[in-house]
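# Structural overview
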Amino acid sequence: MRHDIPYASCPTPSSIKFPNQSAILSFFTIFAVLKMITPMLDLTYTKLHDENRQGEAFAPLLEDIQVTGKKFYIESYGCQMNFADSEIVASILHDNGFGATRNYEEADLVLLNTCSIREKAEQTVRSRLHIFRQLKRSRPSLLIGVLGCMAERLKSKFLEEEKLVDLVVGPDAYRTLPVLIEEAEGGQKGVNVLLSREETYADIAPIRLDSNGVTAFVSIMRGCNNMCSFCVVPFTRGRERSRDAISIVKECETLFSQGFREVTLLGQNVDSYCWFKSDSEKELNQADSVSTGEGRGNAVTFAMLLESVARISPALRVRFSTSHPKDITDEVLHTMSRYENICKYIHLPVQSGSNRILQLMNRTYTREWYMARIKRIREIIPDCGISSDIITGFCSETPGDHADTMQLMQDARYDMSYMFFYSERPGTPAAKKYRDDIPEETKRKRLDEIVKLQNSISRESNKKDIGKIFKVLIEGDSKRSAADWRGRNTQNKVVVFPKKGFDFCKGDYAFVKINNCTGATLIGEALTMTNAPTVEMEVSDTYKL
Ligand code: SAM
Ligand code: SF4
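This report concerns the structure included in the present document.

Parameters and conventions
Residues numbered from 1 in each chain as written. Chains lettered and ligands numbered in written order. Predicted model: local features only at pLDDT ≥ 70, side-chain atom pairs only at ≥ 80, totals over all residues. Heavy atoms only, no water. Pairing = 2+ DSSP bridges. Helix = DSSP H or I, 4+ residues; strand = E, 2+ residues; numbered from the N terminus. Axes fitted to C-alpha atoms, helices over the stretch in contact; angles between N-to-C directions. Salt bridge = Lys/Arg side-chain N within 4 Å of Asp/Glu carboxyl O. Buried < 20%, exposed > 50% of the residue type's maximum accessible area, 1.4 Å probe, protein only. Near = heavy atom within 4 Å. Polar contact = N/O pair within 3.5 Å; in protein donor to acceptor, adjacent residues only side chain to side chain. 1 Å grid on protein atoms, 1.4 Å probe; cavity = no way out; pocket = protein on both sides within 12 Å on 5 of 7 lines; lining within 4 Å. Sits in = over half its atoms within 2 Å of the grid points.

Quick look at the sheet that holds strand E18 (residues 416-421) now. Strand order in the open sheet formed by 3 strands is E16-E17-E18, and the pairing between neighbours is parallel. Here the strands that pair on one side only, and so sit at the sheet edges, are strand E16 (345-347) and E18. Neighbour-to-neighbour, the strand axes of this sheet turn through a mean angle of 10°, independent of strand direction. Here E16 runs beside strand E17 (residues 385-392); their pairing, made up of 3 bridges, is parallel. When the bridges of E17 are listed, His347 appears paired with Ser387.

Structure, rendered in structure tokens:
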């Protein structure tokens, strides 16, 4: 099967023009050329925990004002999964007569979708609640609700601690929001923090919030079974469960038909995605035609899901996050390399470079295992961007352990990393078993050292991209100047280039030659239609959902 990858400008994000046919080269030719000029492609920012988005207020992409209805205001904190949950909450509220507002002063209902991953995240929410409490004093009918991980962690304790909160709703209980709101309107406190083994909200079509209309996050699973000793997620988001694959593909198809050009499949550990087809109505029709591999029966693995989403259209980019080093399979890597539209970027958090600390963290791999996975990624996908999460100052971390982390960073040459100092979370295995014995000053000093090291590795990686040509998906105006476009290459690096002389718009693909860089951004110029390569893609027929 052959598909053209669209290149050129369009009047709306959803319409695509096709390139000058004389400019068409085969995918393999272009791939070979790009490989020659891009021995290693790097850095990027899929911001799983995007500092710029913390506390972001809801604004619907499409018209969402229920003219006669009540208004809700929602702020989101934490990881992308929380932001994706706010879109589900928006959809539930919309169906129950609430319209969204960005102005909390005109809202009937104020919601905070919270994060518990580090103490600082909880402190931010508490200070925000302070402001909303003042508003409630002047307008007692205003309802204030706390959603998400902090609600789950503190449960009804929240109501004792934060007296003016009316609703406390955990991540698996959003369907009950309308009932809880009704109770709260009648003067009762509404609390539901029950965790579920099944809830995936598969049937709820999220209302996209604050979207650029080009990129979207799609939740494919919930919860986590891993029990890393430092992490509160298994306690706040419950057991791991995978969402119906057919509903995921449908959601991605809908996004594509609405003009979106990139989906990021989200889960705490996407490589353990596993959904059994026998649960679906499609089973009777399709079970026989699915190649599922030996011994897996009707199971849809992450590699199969990835392939199914990639097949929606070669013009739809697919990303995913997060991968766990113990679970990422060669099957996933081979699927990535087969499909041009599956982005060549993997977020593979290491957390520490010391085997002793990795064991205390219960990460279930060693640094040697981890480095072997990095080697494998680079063998199968030579141009893959790789990023990581790293924690400094975990319980009992010695200067030697810290040096091991620095050395691993040198060896892995991450394109970027999210770096944190350890924050003890009540109830986690680490809080129960180990002493949080590294002074905050030392934790911060070590954090500062790894941040500096990562910055220099990232800058080096960016410099290597000067002179290369990247296919860039345009996401919107550059933050600095409306005269420039801002987009990303397949490795997730931010690319900025001037609009002048071209007829591009948001959602277009452009080929951009890189002339310069900063530590975080590649700066280039678009190639003209006639001298830019256009990619044709071979799509294999190995898996159909
Ligand atoms: N599921 C992903 C994984 O396994 O890598 C990460 C999920 S967590 C929401 C994001 C990151 O927060 C983790 O990778 C870890 O680096 C960091 N983190 C989690 N708990 C932490 C803690 N108690 N203190 C500091 N950082 C923490
Ligand atoms: Fe937390 Fe580990 Fe699960 Fe990631 S894999 S969410 S760090 S328990």
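Per the stated rule, a full pass over the model turns up 37 salt bridges. Arg175 is the partner of Glu199 in a salt bridge, and the nearest nitrogen-oxygen pair spans 2.7 Å. In this pair, Glu199 sits in the loop between strand E8 (190-192) and strand E9 (215-219) while Arg175 sits in the loop between strand E7 (167-169) and helix H6 (177-185), placing the two residues 24 residues apart along the sequence. The salt bridge partner of Asp411 is Arg367, with a shortest N-O separation of 3.8 Å. A residue pair is termed long-range when its members are at least 10 positions apart, and Asp411 in helix H14 (residues 399-412) and Arg367 in helix H13 (residues 367-380) qualify at 44 residues. Taking relative accessible area as the criterion, Asp411 reaches 37% and is therefore assigned partly exposed. The network of salt bridges with shared partners includes Asp85, Asp172, Arg222, Arg237 and Arg241.

Moving on, we get to the site of ligand 1. Around ligand 1, the surrounding shell holds 15 residues, and the nearest of these are Gln268, Pro349, Gln351, Asp389 and Ser423. In the model, a nitrogen atom of ligand 1 is placed 2.8 Å from a nitrogen or oxygen of the Gln268 main chain. Arg363 places a polar side-chain atom, nitrogen or oxygen, 3.2 Å from an oxygen atom of ligand 1. Among the cavities detected, the one that contains ligand 1 is the largest cavity. Those elements giving two or more residues to the shell around ligand 1 turn out to be E17 and E18.

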